[in-house]
Amino acid sequence: MLASGWLLGCAEAPTERPESMVNLKTVQSGPHIQAEELDGAIQRQPRSASLYARRAAFRLEAGQVEAALKDIEQAVELDESPGEFYFTKARALRAQGRIKSALAATNEAARRGFASPELNLLVGEMHLATRRYQDALDQLDRALQQEPDLAAALFYKGVAYVGLQDTVQALDYLRASLARDPRQPETLHQLAFLLNAFRQPAQAAQYAAKGLKLAPTYGPLWYDYGRQFELQNQPDSAARIYARTVQLDTTFYRADYRLGLAAYKGHRYAQAIPHLQRALRRAPRLENARQMLAESFESLARWAEAADQYRLLVQENPGNRHWTYKAWKVGNRSRGVIVNETPRPAPVEAIEPLQAQQPGL
């Protein structure tokens, strides 16, 4: 653990020790070569379902998802009895994002007698992806009954409890996962992110620093490290780290959002715009981001672009009178029509003249 005093005073990333890194190309070539070595065997035995299934598994590990799915479907066509074939099919379908079909394949695998912690883990992860948190927990508990120290199941349980807004349980399971597999950057990121979210930046910084030693180019961990600076009122250090995050991972919209927010608050509207635009491309409903973008365009007299953003705000917030008015006003301005906003004086009601009464009447 790094001392909190050191973290408070440091404006840059933690010192990185050189790691002996494995060549990823070599790792990926292993299953790829193993798949190719099966080509000849399949040519000699084209009716062997097990050969197709083995090649499918190797191709899946090599990232050749479509080819893997084609192979496993061929295996099932030749022999539909092994449940393991359906498990491999489910993994391939999940890799394609076809969760409904993947779940059907896992059900078929279980029906045909295939049982393993990995099957329950896969089903639990898919329930988690679709935000069915209790269903996910049920499956992950089954996996842990079979393998109590399964780090991935403990990790997913932690994420499920994040979704259920049970912070104490989430932290417990994420820490349990980390204890069993301490070299997982994603687990360290989840812990740091969660602790930052609950305003415990000193602890978050320690997890982020550990993660960056393992994965020096992992954008989410850089974001976590920057966020703890922001929470500890060191905005300049936070901005430098957020900029590094964006360089490393252009898809991590939270860093762009934070940079855009800081620029907007500082009335640096030209700087805010590109960050807010990138953030909104990834998260179109990001809270207040479109409002800040519209107002930044308006402040720079970029009327047409501001009007486009105000119209989107109207679509996202139907019935909102403020955004409807802004869209009308700025839309007119983009066409050269200046709306007079000078308040009109309140109308004066006419007073009937007094009638003089004659004495004695």
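In this text the structure is predicted, and so the values were computed from the model without any measurement. (Residues numbered from 1 in each chain as written. Predicted model: local features only at pLDDT ≥ 70, side-chain atom pairs only at ≥ 80, totals over all residues. Heavy atoms only, no water.)

### Some words on helix 19 (residues 321-334)
With 14 residues, helix 19 should cover 20 Å at 1.5 Å per step; its first-to-last C-alpha distance of 20 Å lies within 8% of that length. Those residues of helix 19 that fall on the buried side of the exposure criterion are Trp323, Lys326, Ala327, Val330, Gly331 and Asn332. Here the buried face of helix 19 lies against helix 17 (289-299) and helix 18 (303-316). Capping the start of helix 19, asparagine 320 holds a side-chain oxygen 3.0 Å from the backbone nitrogen of histidine 322, two or three residues further along. Residue glycine 336 follows helix 19 closely and has a positive phi angle near 85°. (Helix = DSSP H or I, 4+ residues; strand = E, 2+ residues; numbered from the N terminus. Expected span 1.5 Å × (residues − 1). Buried < 20%, exposed > 50% of the residue type's maximum accessible area, 1.4 Å probe, protein only. Contact = heavy atoms within 4.5 Å. Polar contact = N/O pair within 3.5 Å; in protein donor to acceptor, adjacent residues only side chain to side chain.)

### Re unusual backbone geometry
You will see that glutamine 165, though not glycine, has its phi angle at about 60°, which is positive. Position of glutamine 165 among the secondary structure elements: in the loop between helix 9 (151-163) and helix 10 (167-180). Classification of glutamine 165 by relative accessible area gives exposed; the value is 70%.

### Considerations on the side chain of arginine 290
Residue placement: arginine 290 occurs in helix 17. Residue classification places arginine 290 among the buried positions, given a relative accessible area of 10%. In this structure the side chain of arginine 290 is engaged in a polar contact, spanning 2.9 Å, whose partner is the side chain of glutamate 316. Contacts of arginine 290, omitting those with residues within four sequence positions, involve Leu280, Pro284, Gln309, Leu312, Leu313 and Glu316.

### Brief notes about the packing of helix 17 against helix 18
Contact geometry of helix 17 with helix 18 gives a least axis separation of 7 Å together with a crossing angle of 155°. The orientation of helix 17 with respect to helix 18, classified from their angle, is roughly antiparallel. Between helix 17 and helix 18 the crossing geometry is left-handed. On helix 18, the residues touching Arg290, Gln291, Leu293, Ala294, Glu295, Phe297 and Glu298 of helix 17 are Trp303, Glu305, Ala306, Gln309, Tyr310, Leu312, Leu313 and Glu316. Here the residues of the contact of helix 17 with helix 18 sort into 8 nonpolar, 2 polar and 5 charged. (Axes fitted to C-alpha atoms, helices over the stretch in contact; angles between N-to-C directions. Parallel < 35°, antiparallel > 145°, perpendicular 65-115°, else oblique. Left-handed = near helix turned anticlockwise from the far one by under 90°. Nonpolar A, V, L, I, M, F, W, Y, C, P; charged D, E, K, R; others polar.)

### So, helix 10
The terminal C-alpha atoms of helix 10 lie 20 Å apart, and with 14 residues this matches the ideal 20 Å at 1.5 Å per residue to within 8%. Among all positions of helix 10, only Thr167, Ala170, Leu171, Leu174, Ala176, Ser177 and Leu178 are buried. As for helix 10, its buried residues are in contact with helix 9, helix 11 (185-197) and helix 12 (201-214).

### What to know about the confidence of the model for the protein
Looking at the protein as a whole, the pLDDT averages 86, with 84% of positions reaching at least 70. Overall, residues 1-29 carries pLDDT values under 50, and its contacts beyond four positions in sequence, including any with other chains, amount to 42 contacts. Here residues 353-361 is modelled with pLDDT under 50, and outside its nearest four sequence neighbours on either side it reaches 0 contacts, counting other chains as well. (pLDDT = per-residue confidence, 0-100.)

### As for the packing of aromatic side chains
For the coordinates displayed, the defined rule picks out 10 aromatic pairs. Taken together, a centroid distance of 5.5 Å and an interplanar angle of 25° make the contact between tyrosine 223 and tyrosine 242 stacked. A residue pair is termed long-range when its members are at least 10 positions apart, and tyrosine 223 in helix 13 (residues 219-231) and tyrosine 242 in helix 14 (residues 235-248) qualify at 19 residues. A relative accessible area of 5% means that tyrosine 223 is categorised as buried. (Phe/Tyr/Trp six-rings, centres within 6.5 Å; stacked < 30°, edge-to-face > 60°.)

### A few points about the nonpolar core
One finds Leu188, Leu191, Tyr207, Tyr225 and Tyr242 to be the most contacted residues of the largest nonpolar core, which totals 34 residues. When contributions to this core are tallied by element, the ones reaching two or more residues are helix 8 (133-146), helix 9, helix 10, helix 11, helix 12, helix 13, helix 14 and helix 15 (253-265). (Core = buried A, V, L, I, M, F, W, Y, C linked by side-chain atoms within 4.5 Å.)

### Considering the environment of aspartate 79
Topologically, aspartate 79 is positioned in the loop between helix 4 (65-78) and helix 5 (83-95). Here the alpha-carbon distance between aspartate 79 and alanine 49, two residues 30 residues apart in the chain, equals 6.1 Å. In this structure aspartate 79 touches Ala49 and Phe85, once residues within four positions along its chain are discounted.

### Digging into the pattern of salt bridges
A full pass over the atoms with the stated rule returns 17 salt bridges. Across the pair arginine 132 and aspartate 135 runs a salt bridge, and its minimum N-O distance is 3.9 Å. With relative accessibility at 36%, the residue aspartate 135 sits in the partly exposed group. The partner of lysine 157 in a salt bridge is aspartate 141, and the shortest N-O contact between them spans 2.6 Å. A residue pair is termed long-range when its members are at least 10 positions apart, and lysine 157 in helix 9 and aspartate 141 in helix 8 qualify at 16 residues. Sharing partners across several salt bridges, the network here consists of Arg55, Arg59 and Asp71. (Salt bridge = Lys/Arg side-chain N within 4 Å of Asp/Glu carboxyl O.)

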